[in-house]
Each structure stands twice: as C-alpha cells, then as structure tokens.
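Structural features, examined
What follows is the residue order along each chain.
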Amino acid sequence: QVQLVESGGGLVQAGGSLRLSCAASGIIGIFDLKPVGWYRQASGKQRELVAAISGGSTNYADSVKGRFTIFRDNAKNTVNLQMNSLKPEDTAVYYCRIVQRGSEYWGQGTQVTVSS
C-alpha cells in the first residue's frame, strides 16, 4: 500500500551539502502522525538510524548532530533530510522508513557519495 521514493542523492565534495527527499504515497490518515526515519548503510556495514521525526520530536545520530536536519513538508507528503558539512564518512545508501498501522515500509534508497 505504502510507497516511498527517495531522491536527491549524488556526488559531493567534503564540506558540501545535499538535500534528500522522501515522497510517500498510499498514506492512510494524517501524514504528520506517521513516524519517519532516515537510515543509511555504508558498504560492508549495518544499516543505522541517521535521523527520525515523530510527532513534534526529532532525534539524530551523534555522528550527524548539528549537521543534518530532518523536517516535513506535509502538503506534499514528504520528509526531507538537509545534510550540511558532509564528510567522506557520510558516504552510504540512504533509506527512508515510515510506520503505518504497526507496519514498516522502506524506500529503495538513494546513493550519497562524499569525496575528499
């Protein structure tokens, strides 16, 4: 039912910025009430939570705190991840996740590569 499409990834130099977006369809009810998270998975590593928004609260991994910001555009049913001061360690495939009625849904991911 739910489909998530991530976009905005690409190649950027260290210190640069990117904005990722997650567009949701098939949402039942109020989009603003759905918990949404951005995760990333670097090559050979486990997937990790980067940032999440649930209700009025947000939380971030320590590694991105102060550099990344998660926010909603409810009119478009999207959740964005603004990434500033990017580092090579941020290189990964970034995934969007949403919870609806106790079930989780994932997007296909978007590649972010940060060069030195």
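Residues numbered from 1 in each chain as written. Predicted model: local features only at pLDDT ≥ 70, side-chain atom pairs only at ≥ 80, totals over all residues. Heavy atoms only, no water.

A few points about the overall build of the chain
Along its length, the chain carries zero helices and 11 strands. When the elements of the chain are put in sequence order from the N terminus, they spell out β-β-β-β-β-β-β-β-β-β-β. C-alpha extents for the chain along the principal axes are approximately 45 × 25 × 20 Å. Scored against the burial criterion, the 116 residues of the chain give a buried share of 41%. Restricting to contacts in the chain with at least 6 residues of sequence separation, those with at least 24 account for 55%. Here the chain holds 12 positive side-chain charges and 8 negative ones, and the gap between their average locations is 2 Å. (Helix = DSSP H or I, 4+ residues; strand = E, 2+ residues; numbered from the N terminus. Buried < 20%, exposed > 50% of the residue type's maximum accessible area, 1.4 Å probe, protein only. Contact = heavy atoms within 4.5 Å. Lys, Arg positive; Asp, Glu negative; His and termini not counted. Charge placed at Lys NZ, Arg CZ, Asp CG, Glu CD.)

Points about the nonpolar core
The nonpolar side chains of a soluble globular protein tend to be buried with one another. Core analysis: the biggest nonpolar cluster contains 29 residues, and Leu4, Trp38, Phe68, Leu81, Met83, Tyr94 and Ile98 have the highest contact counts within it. Going through the elements one at a time, β3 (18-25), β4 (36-41), β5 (48-54), β7 (68-73), β8 (78-83), β9 (92-100) and β11 (110-115) are the ones with two or more residues in this core. If sequence neighbours within four positions are ignored, Leu4 has contacts with Cys22, Ala23, Ala24, Cys96, Arg97, Ile98, Tyr105, Trp106, Gly107 and Gln108. (Core = buried A, V, L, I, M, F, W, Y, C linked by side-chain atoms within 4.5 Å.)

Things to note about the pattern of salt bridges
For side chains of opposite charge, pairing can occur when their charged atoms come near one another. Scanning the model with the defined rule gives six salt bridges in all. The salt bridge partner of Arg40 is Glu48, with a shortest N-O separation of 2.8 Å. In this structure, a network of salt bridges that share partners links the residues Arg40, Glu48, Arg67 and Asp90. (Salt bridge = Lys/Arg side-chain N within 4 Å of Asp/Glu carboxyl O.)

Focus on the pairing of β5
Taken residue by residue, a regular strand's side chains alternate between the two faces of the sheet. Where β4 lies against β5, five bridges are found, and the strand directions are antiparallel. Bridge pairing links Tyr39 to Leu49 in β5. Of the strand pairs in this sheet, β5 and strand β6 (residues 57-60) are connected by four bridges, and their pairing is antiparallel. Considered in β6, the bridge of Ala52 is made with Asn59. (Pairing = 2+ DSSP bridges.)

Focus: the state of the cysteines
This structure, assessed with the given rule, holds one disulfide. For Cys22, the disulfide goes to Cys96, at an S-S distance of 2.1 Å. Taking the torsion about the sulfur-sulfur bond, which here is approximately -80 degrees, the covalent link between Cys22 and Cys96 counts as left-handed. Of this pair, Cys22 sits in strand β3 while Cys96 sits in strand β9, and the two are 74 residues apart along the sequence. Classification of Cys22 as buried rests on a relative accessible area of 2%. Looking at Cys96, the relative accessible area reads 1%, which means it is buried. (Disulfide = S-S within 2.5 Å.)

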